[in-house]
Amino acid sequence: MTSTLTISGLTKQFAGVTALSDVTLSVAPGERVALLGHNGAGKSTMMKIILGLIPQTAGQVTVCSAAPGSAAARAQVAYLPENAAFHPALTGLEQMRHYLALRGEPATAALPLLEQVGLGAAARRRIGTYSKGMRQRVGLAQALIGSPRLLVLDEPTSGLDPVSRRDFYALLDGLAARGASILLSSHALTEVEARTDRILILSKGRLVAEGPLADLRRQAALPVALHVTPRAGAELDLPGAVAVGGALHLTCAQDEKLALLARITAMGDAVADLEVLPPSLEDIYSHFSQRAGQ
Amino acid sequence: MIRRILATAACEFRISLRNRWVSIAVALMGLFSLVLAAAGSAPTGGLGVDRLSVIVASLTSLGVYLVPLLALLMSFDAIAGEAERGTLPLLLTYPVARTEVLVGKMLAHLAVLALACGTGYGLAAVAALSSDPGAVAGLPALIRLFWTSVLLGATFISVGYALSALSRRPSGAAGLAIGLWLGLVVLYDLGLLAAVVADNGGWFTLNAFPLALLANPADAFRLYNLAASEATAAAAGVAGASATIPPWQSLASVLLWPLLVLALAVLGFRRVTP
């Protein structure tokens with residue numbers, strides 16, 4: 001199956017500043033890919049190039065077998081901008097009908113789409129009266145119009161409450177199951193962790209890491225943290241451990257983990273509790289960003 | 001393509017309605033037209049022309065100021081406003097061409113302007129006809145005034161779009177629009193007048209002056225309406241010049257300007273990167 005999105009050697013310079021440097025990646029149909037990076041790492045720039053809003057300095061980008069920004073590409077790509085904005089004088093329903101007309105879809109789809117994102121009751125109110133989260137949902141509703149083959153979502157869950165976020169990812173799962181490719185950027189690393197197939201880490205315009213979370217975790221080889229709680233009055237012999245609020249915190253390399261666990265369990269009754277904390281996505285993200293010199 | 005243009009036009013018209021632009025434009029044109037109709041009722045008998053023709057001459061002078069102003073006020077925000085609100089990037093990812101967006105907006109803004117002019121001129125016609133049955137003779141001139149007003153509006157609406165694309169920010173576009181209005185509609189004629197006076201019947205007055213009038217869409221609009229109208233005698237200012245310029249030339253200027261400026265606006269919009 002051919003990729004929905006192919007990028008090779010993508011470079012973008014703004015007045016001498018390099019925003020993207022030799023980025024190569026591809027997104028397959030039905031794949032959910034998360035794009036992570038600091039502010040200014042080049043995420044939004046990359047999205048704008050994929051959408052054809054700005055031209056690249058060098059490199060090739062192919063979107064649904066067409067050039068980015070071409071009529072053929074735009075017909076198959078949906079976009080949700082960071083801080084989605086709409087004309088405040090229009091109602092949610094009117095705005096959706098307009099977007100449907102631009103995509104050649106029937107206007108009757110407007111209300112069901114708004115209901116799908118939980119805005120059915122507010123559909124006839126002006127967008128000027130909406131909260132940020134509600135505007136974000138209008139943005140999401142318009143991204144669902146038709147059957148986009150690629151969804152480009154810039155910080156899609158900012159402004160959404162935890163329940164809405166869960167609903168949002170459920171919607172994405174449905175789209176991906178029908179073959180749509182999803183490229184989203186996010187700061188909320190924990191939600192990305194559970195809901196995407198692959199992670200891309202951008203740092204200073206370079207793609208510093210790419211792959212499923214498990215692979216990245218292995219590559220990073222970050223130490224595992226252990227929290228050991230001794231039974232009252234018991235003394236534990238754990239070199240390098242730091243006492244934090246009645247518990248002992250210590251770290252070890254991945255390959256030493258089992259040996260250390262065996263030692264702790266051998267202490268028997270002296271140990272009241274034991275927690276093993278694998279490196280979080282935050283740790284992995286910092287690791288790859290820092291290695292790239294941030 | 002037609003569907004996307006009409007959808008954009010419908011959406012823009014609704015926004016103009018909500019922003020009170022429709023009511024402001026209609027009220028303004030209606031009020032000024034009625035005032036002119038009332039003021040223009042006095043001198044009719046002596047000139048030997050019907051009342052409506054006299055009113056058309058006054059409305060032409062009004063239209064030359066008011067139509068470009070309304071057109072610019074409605075249009076300066078079209079691109080810069082979308083850019084500032086942050087709605088432009090999303091719109092440009094839709095399968096709609098930038099030309100379609102501009103033409104759609106243009107249709108909506110022209111409809112508002114046509115509604116305003118139609119109401120104003122219509123009220124003036126009713127006022128004239130109610131007191132002078134002979135005013136029917138002035139109706140062709142009024143109808144000509146209506147469609148040339150819409151064309152003049154189209155030129156300045158496109159000018160507004162071009163400035164909007166150029167400045168990227170609504171405040172900048174507004175400043176440019178007001179400056180351009182002042183320059184083309186007010187100062188341009190004053191400058192020409194001063195040049196004619198200084199020239200005292202020389203080369204400028206004979207050769208450059210008619211061309212300078214045709215080059216300005218507002219002056220061409222006034223020239224065409226006054227030249228084609230029976231009531232030239234009732235008008236003042238550049239009216240004297242209308243005798244030397246054949247109406248087809250001023251008509252050509254009125255017809256060509258909207259197309260030319262719209263093409264410029266489209267070029268300007270194409271260069272905007274959100």
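Thresholds applied
The written sequence of each chain sets the order in which its residues are numbered from 1. Each chain takes a letter, starting from A, and each ligand takes a number, starting from 1, following the order in which they are written. The predicted origin of the model limits local features to residues at a pLDDT of at least 70 and limits the giving and counting of side-chain atom pairs to 80 or more, whereas totals for whole chains, interfaces and linings rest on all residues. We count a stretch as a helix when DSSP gives it H or I for four or more residues in a row; a strand needs E for two or more, and each element gets its number in order from the N terminus. Atoms counted for the radius of gyration: C-alpha only. Globule rule: 2.2 Å times residue count to the power 0.38. Counting other C-beta atoms within 10 Å of its own, a residue is labelled buried from 20 upward, exposed at 12 or fewer, and partly exposed in the gap between, with every C-beta atom placed from the backbone. Residue pairs are scored as contacts if the distance between their C-beta atoms, which are placed from the backbone, is within 7 Å. Paired strands, as defined in this entry, are two strands with at least two bridges between them according to DSSP. Throughout, an axis means a line fitted to C-alpha atoms (over the contacting stretch in the case of helices), and angles, computed between N-to-C directions, take values from 0 to 180 degrees. Gly falls in the polar group here, along with every residue not listed as nonpolar (Ala, Val, Leu, Ile, Met, Phe, Trp, Tyr, Cys, Pro) or charged (Asp, Glu, Lys, Arg). These domain boundaries are the output of an automatic or database domain assignment. What a helix is expected to span follows from its residue count: subtract one and scale by 1.5 Å. Throughout, bend refers to the angle between the axes fitted to the seven residues that end at a position and the seven residues that start at it. UniProt positions are given in the numbering used here, feature names are shortened, and annotations may be inferred rather than shown by experiment. Oblique is the label for any angle not under 35 degrees, not over 145, and not in the 65 to 115 range, which are roughly parallel, roughly antiparallel and roughly perpendicular in turn. We call a crossing left-handed when the near helix sits turned anticlockwise from the far one by less than a right angle, and right-handed when that turn is clockwise. Confidence scores here are pLDDT values: one per residue, from the predictor, ranging 0 to 100.

## Considering the overall build of chain B
Then, number 1: Scanning chain B from terminus to terminus reveals 13 helices and zero strands.
Then, number 2: Over its C-alpha atoms chain B spans a radius of gyration of 20 Å, differing by no more than 12% from the 19 Å that the globule rule assigns to 274 residues.
Then, number 3: Expressed as lengths along the three principal axes of its C-alpha atoms, the size of chain B is roughly 65 × 50 × 30 Å.
Then, number 4: Evaluated residue by residue, chain B yields a buried proportion of 50% over its 274 residues.
Then, number 5: The long-range fraction of contacts in chain B, counting pairs at least 24 apart against all pairs at least 6 apart in sequence, stands at 81%.

## Notes on the overall build of chain A
Then, number 1: The number of helices and strands found in chain A is 10 helices and 13 strands.
Then, number 2: By its C-alpha atoms, chain A is 70 × 45 × 35 Å across when sized along the principal axes.
Then, number 3: The buried share among the 294 residues of chain A stands at 39%.
Then, number 4: Put simply, 69% of the contacts in chain A that link residues at least 6 apart link residues at least 24 apart.

## What to know about the sheet that holds strand β11 (residues 242-244) of chain A
Each strand in a sheet pairs with another by means of backbone hydrogen bonds, the pair being arranged parallel or else antiparallel.
All names here are of chain A.
Then, number 1: Reading across from one edge, β11-β12-β10-β13 is the order of the four strands in this open sheet, with antiparallel pairing throughout. Edge positions in the open sheet fall to β11 and β13 (271-277), since each of these has one partner strand only. Going from strand to strand, the sheet's axes swing by 30 degrees on average, the running direction of each strand aside.
Then, number 2: Inspection of the sheet shows β11 paired to strand β12 (residues 247-252) by three bridges, in the antiparallel sense. When the sheet's bridge partners are listed, V244 is paired in β12 with A247.

## Let's talk about the interface of chain A and chain B
Then, number 1: Listed per partner, the contact involves 23 residues of chain A and 20 residues of chain B.
Then, number 2: Taken together, the elements giving at least two residues each to the side of chain A that touches chain B come down to α2 (71-74), β5 (77-80) and α3 (92-102) of chain A.
Then, number 3: In terms of residue class, the side of chain A that touches chain B is built from 16 nonpolar, four polar and three charged.

## A short note on the domain arrangement of chain A
Then, number 1: Each domain of chain A was delimited in the assignment, giving domain 1 (1-76 + 148-221), domain 2 (86-145) and domain 3 (223-278).
Then, number 2: On a C-alpha basis, the centroid separation for the pair domain 1 of chain A and domain 3 of chain A is 40 Å.

## Digging into the sheet that holds strand β7 (residues 181-185) of chain A
Residues and elements named next belong to chain A.
Then, number 1: Overall, mixed pairing links the six strands, which are arranged β5-β6-β7-β3-β8-β9 in an open sheet. At either margin of the open sheet sits one strand with a lone partner, and together these are β5 and β9 (206-211). Strand-to-strand twist of the sheet, defined as the mean angle between neighbouring strand axes without regard to direction, takes the value 15 degrees.
Then, number 2: Its contacts with the sheet place helix α6 (residues 162-177) against β3 (32-36), β6 (150-154) and β7, and it is angled at close to 145 degrees to β7.

## Observations concerning helix α4 (residues 51-75) of chain B
All names here are of chain B.
Then, number 1: In this model α4 runs 34 Å from its N-terminal to its C-terminal C-alpha over 25 residues, within 8% of the 36 Å that 1.5 Å per residue would give.
Then, number 2: At G63, α4 shows its largest kink, close to 40 degrees.
Then, number 3: Counting buried residues along α4, 20 of its 25 residues qualify, which places the element largely inside the surrounding structure.

## Description of the UniProt feature "transmembrane region" (unreviewed entry) in chain B
Residues and elements named next belong to chain B.
Then, number 1: Mapped onto the present numbering, the UniProt feature "transmembrane region" (unreviewed entry) falls on residues 21-42, 54-76, 107-129, 141-163, 175-198 and 251-269.
Then, number 2: For the annotated span residues 54-76, helix accounts for 96% and strand for 0% of the residues, and the straight-line distance between the end C-alpha atoms is 33 Å.
Then, number 3: Helix makes up 100% of residues 175-198 and strand 0%, and the two end C-alpha atoms of the span are 31 Å apart.

## Quick notes on the packing of α4 of chain B against helix α8 (residues 139-167) of chain B
For any two helices packed against each other, the geometry is given by the interaxial angle and the distance between the axes.
Residue and element names in this part refer to chain B.
Then, number 1: Put simply, α4 and α8 touch, their axes get as near as 8 Å, and they point 20 degrees apart. Judged on the interaxial angle alone, α8 and α4 are roughly parallel. Like other packed secondary-structure pairs, α4 and α8 cross with a definite hand, here right-handed.
Then, number 2: Partitioning the contact of α4 with α8 into residue classes produces 17 nonpolar, eight polar and no charged.

## Description of unusual backbone geometry
Then, number 1: A positive phi angle, close to 55 degrees, is found at N83 of chain A, a residue other than glycine.
Then, number 2: By the secondary structure assignment, N83 of chain A is in the loop between β5 and α3.
Then, number 3: C-beta crowding within 10 Å serves as the criterion here: with 13 such atoms nearby, N83 of chain A is assigned to the partly exposed category.
Then, number 4: Even without being glycine, R168 of chain B reaches a positive phi, approximately 70 degrees.
Then, number 5: Relative to the helices and strands, R168 of chain B is located in the loop between α8 and α9 (170-199).

## Overview of the pairing of strand β8 (residues 198-203) of chain A
Within a regular strand, the side chains alternate between the two sheet faces.
Residue and element names in this part refer to chain A.
Then, number 1: Along β8, five of the six residues are buried, which leaves the element largely enclosed by surrounding structure.
Then, number 2: In terms of strand pairing, β3 meets β8 through four bridges, oriented parallel. For L35, the partnering residue across the bridge sits in β8 and is L200.
Then, number 3: In this structure, β8 lies alongside β9, joined through five bridges in antiparallel fashion. If you follow L200 over to β9, its bridge partner there is E210.
Then, number 4: The antiparallel hairpin formed by β8 and β9 contains two residues in its connecting segment, where K204 sits at a positive phi of about 50 degrees.

## A few points about the confidence of the model for chain B
Then, number 1: For chain B, mean pLDDT is 88; residues scoring 70 or higher make up 91% of the total.
Then, number 2: This prediction of the complex comes with two scores: 0.86 for pTM and 0.87 for ipTM.

## Observations regarding the packing of α8 of chain B against α9 of chain B
Residue and element names in this part refer to chain B.
Then, number 1: Closest axis-to-axis distance for the α8/α9 pair is 8 Å, and the angle between their directions is 140 degrees. Of the possible angle classes, the one that applies to α8 and α9 is oblique. Here α8 and α9 pass one another in a crossing that is right-handed. Between α8, through V159, G160, L163, S164 and S167, and α9, the contact on the second element is made entirely by G172, A173, L176, A177 and L180.
Then, number 2: Taken together, the residues that form the contact of α8 with α9 break down as six nonpolar, four polar and no charged.

## Some remarks on helix α10 (residues 281-291) of chain A
Then, number 1: Residues L281, I284, Y285, H287, F288 and S289 of chain A constitute the buried set of α10 of chain A.
Then, number 2: As for α10 of chain A, its buried residues are in contact with β3, α7 (189-195), β8, β9 and α8 (213-220) of chain A.

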